[in-house]
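Notes for the structure review
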Amino acid sequence: MKRDYDYLRELMFEIEEKESHQYIFPLLMSQSREEQKKHHHLSLLCDKGFLEQLNDHVYRMTSAGHDFIESVRDGGIWEKTKVAVAETGGNASIELINRLAQGYLKKKIAEHTGLEL
C-alpha cells in the first residue's frame, strides 16, 4: 500500500478534532480496504513519532504531531509543498515534506512580520 500524504494530513486533522486526547481505532480481523488504509497510515504516523500507540487500538498525538499539523494546516502552504515535491520527481519522505512545509510557513511569517526566522 502506498503512502498517501493528503490522507496522512487529513487523518491528523481528524485526530486533532476529537475531544479526547485519545484516538480509538479498533484493529479488526476483517477490515475493509478503507480500514486497512487507515490502520496502515496510523502506523506510519507512529513510525515518525507524530502519534504514539498506547495499546492495540488507542493512539495519542505527540507534540511532534501537533507541530506537523501546524506546518501543514494552511491549504496554500500544503499546496506549495506538494507542488515542490512533484516538480522534483514526486519522491519525498514525510520528514522532508514536514521540513518543506515549515520552510514555507517561516517564509509566510517573515513576509507578514518582516522578521526572519
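In what follows, the accompanying structure is described. Small disclaimer: the values here were computed from a predicted structure and weren't measured.

**Topic: the nonpolar core**
Judged by nonpolar contacts, the single largest core of 26 residues is most densely connected at M12, L42 and L51. At the level of elements, α1 (5-17), α2 (33-47), β3 (58-61), α3 (63-72), α4 (75-87) and α5 (94-113) are the ones that each hand at least two residues to this core. No other element matches α1, which puts seven residues into this core. Here M12 is in contact with L45, F50, L51, M61, G65, F68 and I69, once residues within four sequence places are set aside.

**Section: the pairing of strand β2 (residues 51-55)**
In this sheet, β3 lies alongside β2 in antiparallel orientation, the contact comprising four bridges. Its bridge partner lying in β3, N55 is registered against V58. Where β2 folds back on β3, the antiparallel hairpin that results is connected by two residues.

**Re the packing of α3 against α5**
Helix-helix packing is described using two parameters, namely the angle between the two axes and the distance between the axes. Closest axis-to-axis distance for the α3/α5 pair is 8 Å, and the angle between their directions is 55°. Taken as axis vectors, α3 and α5 run oblique relative to one another. Here the hand of the crossing between α3 and α5 comes out left-handed. Mapping the contact onto sequence places F68, E70, S71 and V72 in α3 and I94, N98, A101, Q102 and L105 in α5.

**Notes on the sheet that holds β2**
The strand order β1-β3-β2 describes an open sheet built from three strands, whose pairing is antiparallel. Each edge of the sheet is formed by a strand with only one pairing partner; in this case those strands are β1 (22-24) and β2. The mean inter-strand angle of the sheet, taken between neighbouring strand axes irrespective of direction, is 35°. Judged from the three bridges that link them, β1 and β3 form a sheet pairing that is antiparallel. Following the sheet pairing, Y23 is matched in β3 by Y59.

What counts, and where the lines are drawn
Residues numbered from 1 in each chain as written. Predicted model: local features only at pLDDT ≥ 70, side-chain atom pairs only at ≥ 80, totals over all residues. Heavy atoms only, no water. Core = buried A, V, L, I, M, F, W, Y, C linked by side-chain atoms within 4.5 Å. Buried < 20%, exposed > 50% of the residue type's maximum accessible area, 1.4 Å probe, protein only. Helix = DSSP H or I, 4+ residues; strand = E, 2+ residues; numbered from the N terminus. Contact = heavy atoms within 4.5 Å. Pairing = 2+ DSSP bridges. Axes fitted to C-alpha atoms, helices over the stretch in contact; angles between N-to-C directions. Parallel < 35°, antiparallel > 145°, perpendicular 65-115°, else oblique. Left-handed = near helix turned anticlockwise from the far one by under 90°.

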